[in-house]
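Chain by chain, the residues run as shown.
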Amino acid sequence: NIQRADGLWLTSFSGTNINYSLAGVKYYVSKEKLEDNQIYGFEYIETCDGYYIYKNKNAFDIGFYLKDNVSTENKNPFEIQNEYLCNMNEEEQERYFEDIDKTDTVTCKKEVNYDETTKTYNVKYTVKAKKDTNLYLFSDNNLQLYINQEAKFKKYADLWSTEAGIKGIKHLNKGEEFEFEISTMSDLETIYIYASDNDKIQNLLDHKNDKNKFDEKEILSNGLDGTANFENDGYLVLGISYDSGWKAYVDGKEVNIESISDVFTGIKLE
């Protein structure tokens, strides 16, 4: 389980494959068997005592390269993840997650109805995948998701609820069509539904260490030793919660540490 970090919106049982990978989550244990690629990048390993165990093939190492620090201020979490991926790849204008109304990953038709009596918006979406994709939903406000007329959330957007944060809607293969509905009393502008370009993301993750790599030599209870080989200036980002008590040394010389996205520990390197 992952408790929510306000910037990245990591929550138990929710998130994109990038959420999980950034947090270093290597395994997922479920009482129910997941659909193929329901959480993209997690592969079924085995069943133990009635639980299904999945392994994250894209889990990040404890240290990784980032060109620039990523601010989380006034951004929805999908755009934050786009920035992370762009900074790993140094392709500043690339898009990996896109609004389903503004992407060539899927075609999207939607029908919006407003009930004056209940003050509720009901939105029906019909989506057809043009590429391998996962659909994700995020909102700070309460809403309900319906798939095949079945309500999927017991409660949504409660800080300590498993229904908070980014929620996966569905994995779609190329050419697959899918319908779902959303009901909310909140402004529709507060709801974000994004589609991932899975092939593009996987290609980046498969090659993210080609130019810039960190090899850990030793991990201790209170420290870490390793070697960074970077072709470009940037940050060595450690999957360790930032705290001012940490000290960092590069080639034996003490250097400053920085908070990356108000979450991780970062060391700027040439």
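Notes on the structure follow. (Residues numbered from 1 in each chain as written. Predicted model: local features only at pLDDT ≥ 70, side-chain atom pairs only at ≥ 80, totals over all residues. Heavy atoms only, no water.)

1. Focus on the packing of aromatic side chains
Pairs of aromatic rings are described using the distance from one ring centre to the other and the angle between the two planes. Within this structure, the stated rule accounts for 16 aromatic pairs. On the numbers, 5.8 Å between centres and 25 degrees between planes, the contact of Phe-178 with Phe-180 is stacked. The buried category is assigned to Phe-178, whose relative accessible area is 11%. By the ring-pair criterion, three or more aromatic residues cluster together here, those being Phe-78, Phe-97, Tyr-136 and Tyr-194. Across from the ring centre of Tyr-44, 5.6 Å away, lies the NZ or CZ of Lys-33, which sits over that ring. The cationic tip of Lys-208 hangs over the ring face of Phe-60; the distance from NZ or CZ to the ring centre is 4.9 Å. (Phe/Tyr/Trp six-rings, centres within 6.5 Å; stacked < 30°, edge-to-face > 60°. Buried < 20%, exposed > 50% of the residue type's maximum accessible area, 1.4 Å probe, protein only. Lys NZ or Arg CZ within 6 Å of the ring centre and 35° of its normal.)

2. Notes on unusual backbone geometry
The backbone phi angle of Asn-37 is positive, close to 60 degrees, even though this residue is not glycine. Positionally, Asn-37 belongs in the loop between strand 1 (27–30) and strand 2 (42–48). Taking the relative accessible area as the measure of exposure, Asn-37 reaches 28% and is therefore partly exposed. Phi at Asp-262 takes a positive value of approximately 60 degrees, unusual for a residue other than glycine. Within the element layout of this structure, Asp-262 appears in the loop between strand 19 (258–260) and strand 20 (264–269). (Helix = DSSP H or I, 4+ residues; strand = E, 2+ residues; numbered from the N terminus.)

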